[in-house]
Amino acid sequence: MTSDDLSALSLFPATPDQITEARRRTHLEWGKGLTLEEHLTRDANQDQFEGSLDGRLIIWVLAPRNDPQTLNFKCACETYVRQRLFKRIGLVANAHNKNGVETVPCYGIASVFTPPENRGKGFARHMMRLLHWVIADEALLPLALFPAAWGAPPPVVPGTRDGRFSALWSDVGEFYAACGPSPYQKGWVVRGTATTLWEVDASTSLVSAASSSGDWTWLDNAGLLKLWEEDAGEIRLAMEKVPLSGGASFTYLPTRGVASFQHRRLDLFLQRMPSPPQTWGVSSASKSTYATWVIDPRKPATSTLTVTRIHVADPVDQSFKDLLCKIFEIAKKHDVKRVEIWNLAAELQRLTEELGAKTFSREEHLPAFKWYGPESEEAVTWAFNERFCWC
Ligand SMILES: CC(C)(COP(=O)(O)OP(=O)(O)OC[C@H]1O[C@@H](n2cnc3c(N)ncnc32)[C@H](O)[C@@H]1OP(=O)(O)O)[C@@H](O)C(=O)NCCC(=O)NCCS
């Protein structure tokens, strides 16, 4: 594709018919174990999740400027706006900001898909390059800088163009780094791929100790909602303490449907388990140590419990091991074969080696971020880069 051909295309929010078509196309890739009808129903159900309501989920299509509503669009993706226009839930700590931690709009991006017949022609790259121009804060990415070779900028969609950062979880390596807002700028940069993994059956020290570990509260959906509200406060406090010398730090918050999406999206599969799990977290009596998780039972993959958020008050006391024992109790109960934690803090990661885990750099679901502020990526820290904010 020449840039002339690409400039004839632009990015548009999908019509209802285009949304159905985009989802029909992804059935082969992301609908494994589901009929087409079940796949479409699951996606439609996700539209009703808290994180998708009130225009927070937008499906975008790359389509010809002269036929934006065609069902023959080139490719599509989704953005979860991590905020409603008036209720913002990302945080930024910036050395230049005297007012402390700021609450900011931010975005999560999912389901980038080009149908096989359109692949290898530069459509996904162009779609992702254009995406910055509909989500980034206008003051940080002014229209005057839009590359002329790409034609006119995409039409502005009300309620967008305010993002201070965005992220996606790449299954195609570093591809998104080449999707910058101009040919001279980087796109989404991979950061924080460490995965700590246990094989449950081989982890006898954690499994056998499971029933003897202290005073803990199991959390169901209602308990989790409360926990995440409190956790958002903890995250803010921690952000206020981040030492910054010229750089910036950002985080997503788990509230408002962001963290609950992790297990709710697998509901259809979880309900097929002999005894569907009802417990999605555990907290110490003092609420100072806690974890939440998702269980993915989909075959033929090995059933896995992934910790979505973990907070340990004191890494050197017994509470971390006790917390792991509680997690393994749930894993055993549901016949889960693997337990994994993404991007565990270094001091906890060291402890897990003694507890039989291996830590390695993951090759899929790679967290990748785009920072729209003036700082370079090297000067920006992604705080709380854990599974809870995946989408
Ligand atoms: C990944 C995908 C969106 C690319 O769409 P596309 O329109 O063909 O992309 P482009 O033509 O703009 O770019 C093609 C580039 O994609 C990259 N790519 C595609 N599949 C890849 C993979 N599995 N691993 C790494 N890179 C990959 C290649 O680097 C290729 O680069 P090249 O042009 O140097 O060969 C498309 O292959 C797809 O829909 N795949 C299935 C769904 C998927 O995996 N989506 C990504 C989820 S994060």
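Computed from a prediction, not measured in an experiment: that's the story for all the values here. (Residues numbered from 1 in each chain as written. Predicted model: local features only at pLDDT ≥ 70, side-chain atom pairs only at ≥ 80, totals over all residues. Heavy atoms only, no water.)

What follows deals with the overall build of the chain. Check the secondary structure of the chain and you find 11 helices and 20 strands. For a compact globule of 391 residues, the expected C-alpha radius of gyration is about 21 Å, and the chain comes in at 21 Å, within 12% of that figure. If you line up the chain on its principal axes, its C-alpha atoms span 65 × 55 × 35 Å. Evaluated residue by residue, the chain yields a buried proportion of 54% over its 391 residues. Looking at the chain alone, contacts between residues at least 24 apart form 75% of all its contacts between residues at least 6 apart. Across the chain, the 43 positively charged side chains and the 46 negatively charged ones have centroids separated by 2 Å. (Helix = DSSP H or I, 4+ residues; strand = E, 2+ residues; numbered from the N terminus. Rg over C-alpha atoms; globule rule 2.2 N^0.38 Å. Buried < 20%, exposed > 50% of the residue type's maximum accessible area, 1.4 Å probe, protein only. Contact = heavy atoms within 4.5 Å. Lys, Arg positive; Asp, Glu negative; His and termini not counted. Charge placed at Lys NZ, Arg CZ, Asp CG, Glu CD.)

A few words on the domain arrangement of the chain. Assigned domains of the chain: these are domain 1 (3–192 + 369–376 + 384–389) and domain 2 (194–362). The C-alpha-based centres of domain 1 and domain 2 are spaced at 28 Å. In this complex, domain 1 contributes 42 residues to the contact, which on the side of domain 2 involves 38 residues. Both sides of the domain 1 and domain 2 interface together cover about 3900 Å² of buried area, and 61% of this is carbon and sulfur. One can count 2 salt bridges joining domain 1 with domain 2. (Domains from an automatic or database assignment. Buried area = accessible area lost by both parts, 1.4 Å probe. Salt bridge = Lys/Arg side-chain N within 4 Å of Asp/Glu carboxyl O.)

Take the sheet that holds strand β14 (residues 281–284) next. Pairing in this open sheet of 7 strands is mixed, and the strands run β12-β14-β15-β16-β17-β11-β18 from one edge to the other. Both outer strands of the open sheet, β12 (216–219) and β18 (358–361), are each paired with one neighbouring strand and no more. For this sheet, the mean angle separating the axes of adjacent strands, direction not counted, is 25 degrees. Relative to β18, strand β11 (residues 194–199) runs antiparallel, the two sharing 4 bridges. From the neighbouring strand, Thr 195 faces β18, where its bridge partner is Phe 360. Against the sheet, helix α7 (residues 221–241) contacts β12, β14, β15 (290–296) and β16 (304–311), and its axis sits at roughly 125 degrees relative to β15. Helix-sheet contacts for helix α11 (residues 346–354) involve β11 and β18, and the interaxial angle to β11 is about 25 degrees. (Pairing = 2+ DSSP bridges. Axes fitted to C-alpha atoms, helices over the stretch in contact; angles between N-to-C directions.)

The next subject is the site of the ligand. Close contacts around the ligand come from 18 residues, with Val 112, Thr 114, Gly 120, Gly 122 and Arg 125 the closest. Here an oxygen atom of the ligand and a backbone polar atom of Gly 122 are 2.7 Å apart. Its free accessible area being 900 Å², the ligand has 65% of it covered by the protein chains. Going through the elements one at a time, α3 (27–30), β8 (107–113), α5 (123–135) and β9 (165–170) are the ones with two or more residues in the shell around the ligand. The leading source of residues in the shell around the ligand is α5, at 3 residues. When the residues that make up the shell around the ligand are grouped by side-chain class, the tally is 9 nonpolar, 4 polar and 5 charged. (Near = heavy atom within 4 Å. Polar contact = N/O pair within 3.5 Å; in protein donor to acceptor, adjacent residues only side chain to side chain. Areas by Shrake-Rupley, 256 points an atom, 1.4 Å probe, with all protein chains shown as cover. Nonpolar A, V, L, I, M, F, W, Y, C, P; charged D, E, K, R; others polar.)

Turning to its location among the elements, Thr 308 is positioned in strand β16. Since its relative accessible area comes to 1%, Thr 308 is described here as buried. Here the side chain of Thr 308 touches Trp 293 through a polar contact of 3.3 Å, landing on its backbone nitrogen. With near-sequence residues (within four places) excluded, Thr 308 lies in contact with Gln 262, Thr 292, Trp 293, Val 294, Glu 386, Arg 387 and Phe 388.

Okay, the nonpolar core next. Trp 169, Trp 198, Tyr 252, Ile 295, Leu 305, Ile 310 and Ile 327 are the most contacted members of the largest nonpolar core, which totals 72 residues. Of the residues forming this core, the biggest block, 8 residues, is contributed by helix α10 (residues 319–333). Three or more residues apiece are contributed to this core by two domains, here domain 1 (3–192 + 369–376 + 384–389) and domain 2 (194–362). Excluding anything up to four places from it in sequence, Leu 305 contacts Trp 293, Val 294, Ile 295, Ile 327, Ile 330, Ala 331, Val 336, Arg 338, Val 339 and Glu 340. With 31 residues, the next largest nonpolar core counts Leu 6, Met 127, Trp 133 and Phe 146 among its residues. (Core = buried A, V, L, I, M, F, W, Y, C linked by side-chain atoms within 4.5 Å.)

Given 3.6 residues per turn, any residue in an α-helix points the same way as the ones three and four places further on. A rise of 1.5 Å per residue sets the reference length of α5, with its 13 residues, at 18 Å; its end C-alpha atoms lie 19 Å apart and thus fit the reference within 8%. Within the span of α5, buried status applies to Phe 123, Ala 124, His 126, Met 127, Met 128, Arg 129, Leu 130, Leu 131, His 132, Trp 133, Val 134 and Ile 135. (Expected span 1.5 Å × (residues − 1).)

Residues with a pLDDT of 70 or more make up 95% of the chain, whose mean pLDDT is 90. Low confidence marks residues 81–88, where pLDDT is under 50. Its contacts with residues over four positions away, or in another chain, come to 32 contacts. (pLDDT = per-residue confidence, 0-100.)

The subject of this paragraph is unusual backbone geometry. Most peptide bonds adopt trans geometry, and most residues besides glycine take a negative phi value. Residue Lys 299 is joined to Pro 300 through a cis peptide bond whose omega torsion reads 5 degrees. Mapped onto the fold, Pro 300 is located in the loop between β15 and β16. Even without glycine at this site, Asp 335 takes up a positive phi of about 55 degrees. Considering the arrangement of structural elements, one finds Asp 335 in the loop between α10 and β17 (338–342). Even without glycine at this site, Phe 384 takes up a positive phi of about 50 degrees. If you trace the backbone, Phe 384 turns up in the segment after β20 (380–382). Exposure remark for Phe 384: the relative accessible area of 22% places this residue in the partly exposed category.

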